[in-house]
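# Structural features, examined
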Amino acid sequence: MTPILLLASLATLGYSACYLAVCAASPWGRCRRCHGARSHRTAIGTRRDCHRCDGTGIRVRAGRRLIDFIRAEYRDGHP
């Protein structure tokens, strides 16, 4: 049982490291609501700018927010 848990934890750690590397290299992702189209259809069929991304079609990835938070904490802790 222990080798299986070790393998699972190493796989999770490897996946997390790869995701953070991708977030550091490419911090922007497509908006989840408009899928990068910058607008979406309303209930009556007209098109509007996406409110989630403010019409840009991109968003900051969650991993990039984590990296920025860690950097800010490190910077605030060291004079």
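Attention here is on the structure that accompanies the text. (Residues numbered from 1 in each chain as written. Predicted model: local features only at pLDDT ≥ 70, side-chain atom pairs only at ≥ 80, totals over all residues. Heavy atoms only, no water.)

### A look at the environment of Gly45
Here is the rule we go by: A run of H or I in DSSP counts as a helix once it spans at least four residues, and a run of E counts as a strand once it spans at least two, with each numbered from the N terminus. Categorising residues by exposure relies on relative accessible area from a 1.4 Å probe, with only protein chains included: less than 20% of the type maximum marks a residue as buried, more than 50% marks it as exposed, and the intermediate range marks it as partly exposed.
Examined against the element boundaries, Gly45 turns out to sit in the loop between strand S2 (39–41) and strand S3 (47–49). Owing to a relative accessible area of 35%, Gly45 belongs among the partly exposed residues under this scheme. Considering only alpha carbons, one finds Gly45 and Arg64, 19 residues apart in sequence, at a separation of 34 Å.

### Topic: the side chain of Ser39
Threshold: Any two residues whose heavy atoms approach within 4.5 Å at even a single point are treated as in contact.
Mapped onto the secondary structure, Ser39 falls in strand S2. According to the relative accessible area criterion, Ser39 is buried, its value standing at 16%. If near-sequence neighbours (up to four positions away) are discounted, Ser39 is found in contact with Cys34, Arg47, Arg48, Asp49 and Cys50.

### Section: the side chain of Arg64
Within the secondary structure, Arg64 is located in helix H2 (residues 62–77). Overall, the relative accessible area of 17% leaves Arg64 in the buried class. When residues no more than four places from it in sequence are discounted, the contact partners of Arg64 are Cys23, Ala24, Pro27 and Arg71.

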